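Analysis of the macromolecular model
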Amino acid sequence: MTLGRGLWLTVLGPAALEALPTAGVGWLGVDLQHGQYEVVDLLDLLRVTSVPVLARAASHDPAHLARVLDTGVAGVIVPGVGGGEEAAALVSAVRPPPEGGRSTGLSRSAVVGAPERPLLLAMIETRDGLEAVDDIAGCPGVDGLFVGPYDLSLSLGRPSVVDAEVVAAIGTVTRTARRHGLLAGAFSANRDLDRLLPELDLVGVDTDVAVLGAGMAKLFSAT
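Every chain is numbered on its own, with residues counted from 1 as its sequence reads. Owing to the predicted nature of the model, reporting of local features is limited to residues with pLDDT of at least 70; listing and counting of side-chain atom pairs is limited to 80 or more, with chain, interface and lining totals taken over all residues. Excluded from the side-chain calculation are hydrogens and water; included are all heavy atoms of the structure.

1. Describing the overall build of the protein chain
A run of DSSP states H or I qualifies as a helix once it reaches four residues; a run of E qualifies as a strand once it reaches two. Both are numbered from the N-terminal end. A tally of regular secondary structure across the protein chain gives 11 helices and eight strands. Taking 223 residues into account, the globule formula puts the C-alpha radius of gyration at 17 Å, and the protein chain, at 17 Å, falls close to it. C-alpha extents for the protein chain along the principal axes are approximately 60 × 45 × 25 Å. Method for areas: the Shrake-Rupley scheme with a 1.4 Å probe, in which residue coverage is limited to the protein chains shown. Per element, the accessible surface of the protein chain, about 10400 Å² overall, is 56% carbon and sulfur. To get the radius of gyration, use the C-alpha atoms; to get the globule rule, take the number of residues to the power 0.38 and multiply by 2.2 Å.

Spelled out as structure tokens, the structure:
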């Protein structure tokens, strides 16, 4: 599966999203960790777009993950996965028996025919996660690895996301994902980093805030 280039949402409401052109946008990432959204906000966002929606979860809490998946998202991107045991706990939280322990019930995901097996993408964004990336990728039930380069650069003590060590780490994560037959993705929001990224299945190109800023700058610089 290749989702391609995606837009990371942090502030846009459903009315603004409905008016936003989505040509060329392969997926939308809704940030429940750092954006303004609550889980309930996913419902209206999902109703106004036909583009696959991935939610970046706020935590590893099984109850939170279950509520996110009940909205009918195409998958979850889980932050700060630091090792194989954490990955296994996430599989248990998001997969129903016999693979995991998530309960089933009448939710929006059942009503609208959401994916029977939503994606579980583990974020690699710490030194611990990077060092344990093979164990994380080898955990049955994980569908992909998604690099958070900004937190990773901080964890590695590097000055920027285009630092050679950070770029090399992204390459390591990508090769590990490929070796295990998993999806590989990353967030960017940096045009210099774009040029240094390996071939990925999904890239968060930038945020809605950046899109608004770029649009305003282009519009008013032309007048």
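Picking up where we left off.
2. Observations concerning the sheet that holds strand 4 (residues 75-78)
Sheet strands pair by backbone hydrogen bonding; their relative direction is either parallel or antiparallel. Taken together, eight strands build a closed barrel; the order of strands is 1-2-3-4-5-6-7-8 and the barrel is parallel. Within this sheet the neighbouring strands show an average axis-to-axis angle of 25°, counted without direction. For two strands to count as paired, DSSP must find a minimum of two bridges between them. As paired strands, strand 6 (residues 144-147) and strand 7 (residues 183-187) are joined by four bridges and run parallel to one another. Looking at the pairing, Gly144 lines up with Leu183 of strand 7. Packed onto the sheet, helix 11 (residues 208-221) meets strand 1 (4-9) and strand 8 (202-207) and runs at close to 55° relative to strand 8. Axes here refer to lines fitted to C-alpha atoms; in helices the fit is confined to the stretch in contact. Angles between the N-to-C directions go from 0 to 180 degrees. Any two residues whose heavy atoms approach within 4.5 Å are treated as being in contact.

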